Amino acid sequence: MSASWPRRPRLVAGNWKMNKTATEAIATARALKDAGVPADTAMLVCPPFPALLPVRDVLEGSGILLGAQNLHTEPHGAFTGEVSGAMLTAVGCRMVIVGHSERRHGMGEDDALVARKLRAALRDQLIPIVCVGETLAERESGETEAVLTRQIAAAFGGLVAESARGTVIAYEPVWAIGTGRVASTEQARDAHRVIRAALDQHGEGRLGNEIAILYGGSVNAGNAGALFAEEDVDGALVGGASLDPQGFGAIAAAASGKQARAR
Ligand code: PGA
């Protein structure tokens, strides 16, 4: 999509989930704006829908990107309670989370729906952050690689490389989300490599090396540096620790400190 979207950007994204009223969100956004964006790192916040517009206004000129947590597949219509990508773009969103595990496992979103949402996001000029990840049962039964490969194939199959390059992936092991149990750096590295290999099966180029893959699941200011030291970890999708502007800023600073990589 956007020509200005760089190859494998370093990105720290905050998923506020169903937290913060508009008033609280404004205060958090102000604190983030005051702290500023560290060098060579993109920062994104994904507030709940009612806070998007006021947060957009606060963040204007800050360089911090605005994103949403979900979208519907259709641009408009009789879909009570849903929000379209076109509406998100219109309030200043640049990105949208697609297929978060809380929607896959809590709201019944399957691979096919995630694929349609990914395409809807691209259609509506949004950069989708496509979430993939295995459950604890799947990891313990040795299915992690197969699950990740299946989720990537379902999302990216049939997508032209040019479109695929306008996406970001988040590897979020379900057992690490909101549990305080972060993946080890080896687990994150191995999973990111599986995802890159799966991406190479799609599009004509080496897609796996062109798309940013974030790690998500209990990332905080204390463990972010070790995760970012992994060559294959391009950033983080942060839930709980993104609610506190200081902690989120510290995670972004850790990403900024990541060694420049020769790719
Ligand atoms: P967490 O959530 O950082 O609170 O584990 C991550 C996510 O759900 O994206």
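Data block above holds the structure.
Residues numbered from 1 in each chain as written. Predicted model: local features only at pLDDT ≥ 70, side-chain atom pairs only at ≥ 80, totals over all residues. Heavy atoms only, no water.

K.L.:
Explanation requested: the site of the ligand in the structure shown.
P.N.:
Neighbouring the ligand are 13 residues; Lys 17, His 100, Glu 172, Gly 178 and Ser 218 lie closest to it. Contact between the ligand and Ser 218: an oxygen atom at 2.7 Å from a main-chain N or O atom of the residue. Interatomic distance of 2.8 Å between a backbone N/O atom of Gly 239 and an oxygen atom of the ligand. In the complex, the protein chains occlude 95% of the 280 Å² of accessible area that the ligand would expose alone. (Near = heavy atom within 4 Å. Polar contact = N/O pair within 3.5 Å; in protein donor to acceptor, adjacent residues only side chain to side chain. Areas by Shrake-Rupley, 256 points an atom, 1.4 Å probe, with all protein chains shown as cover.)

K.L.:
I keep staring at the pattern of salt bridges and nothing clicks. Help me out?
P.N.:
Once the charged atoms of two side chains with opposite charge are near each other, the side chains can pair. For the structure shown, the criterion picks out 17 salt bridges. Measuring nitrogen to oxygen at the nearest pair gives 2.3 Å for the salt bridge that ties Glu 210 to Arg 165. Of this pair, Glu 210 sits in the loop between α9 (185-200) and β7 (213-216) while Arg 165 sits in the loop between α8 (161-164) and β6 (168-171), placing them 45 residues apart in sequence. With a relative accessible area of 17%, Glu 210 lands in the buried category. Under the relative-accessibility criterion, Arg 165 is labelled partly exposed at 34%. (Salt bridge = Lys/Arg side-chain N within 4 Å of Asp/Glu carboxyl O. Helix = DSSP H or I, 4+ residues; strand = E, 2+ residues; numbered from the N terminus. Buried < 20%, exposed > 50% of the residue type's maximum accessible area, 1.4 Å probe, protein only.)

K.L.:
Got a minute to help me understand the environment of Lys 17 in this structure?
P.N.:
Among the structural elements, Lys 17 can be located in the loop between β1 (11-15) and α1 (22-35). Contacts of Lys 17, omitting those with residues within four sequence positions, involve Cys 46, Pro 48, Gln 69, His 100, Glu 102, Ile 177 and Gly 239. Engagement of the side chain of Lys 17 in a polar contact is seen with the side chain of Glu 102, the distance being 2.8 Å. (Contact = heavy atoms within 4.5 Å.)

K.L.:
Before we go on, may I ask you to explain helix α5 (residues 111-123) in this structure?
P.N.:
It helps to recall that an α-helix has 3.6 residues per turn; residues three or four apart then point in one direction. Between its terminal C-alpha atoms α5 stretches 18 Å, which fits the 18 Å expected from 13 residues at 1.5 Å a residue. Check the buried side of α5 and you find it contacts β4 (95-98), α4 (101-106), β5 (127-132), α7 (144-156) and α8. In the stretch just after α5, Gln 125 is the one whose phi turns positive, near 65°. (Expected span 1.5 Å × (residues − 1).)

K.L.:
Hey, could you run me through the sheet that holds β4 in this one?
P.N.:
Sheet strands associate in pairs through backbone hydrogen bonding, adopting either a parallel or an antiparallel arrangement. Pairing is parallel around the closed barrel formed by eight strands, whose spatial order is β1-β2-β3-β4-β5-β6-β7-β8. In this sheet, neighbouring strand axes are inclined to one another by 25° on average, regardless of whether the strands run parallel or antiparallel. Across three bridges, the pairing between β6 and β7 is parallel. Opposite Tyr 171, over in β7, you have Tyr 215 as the bridge partner. Strands in contact with α5 are β4 and β5; relative to β5, the strand with the most contacts, it is inclined by about 160°. Running at roughly 140° to β6, α9 makes contact with β5, β6 and β7 of the sheet. (Pairing = 2+ DSSP bridges. Axes fitted to C-alpha atoms, helices over the stretch in contact; angles between N-to-C directions.)

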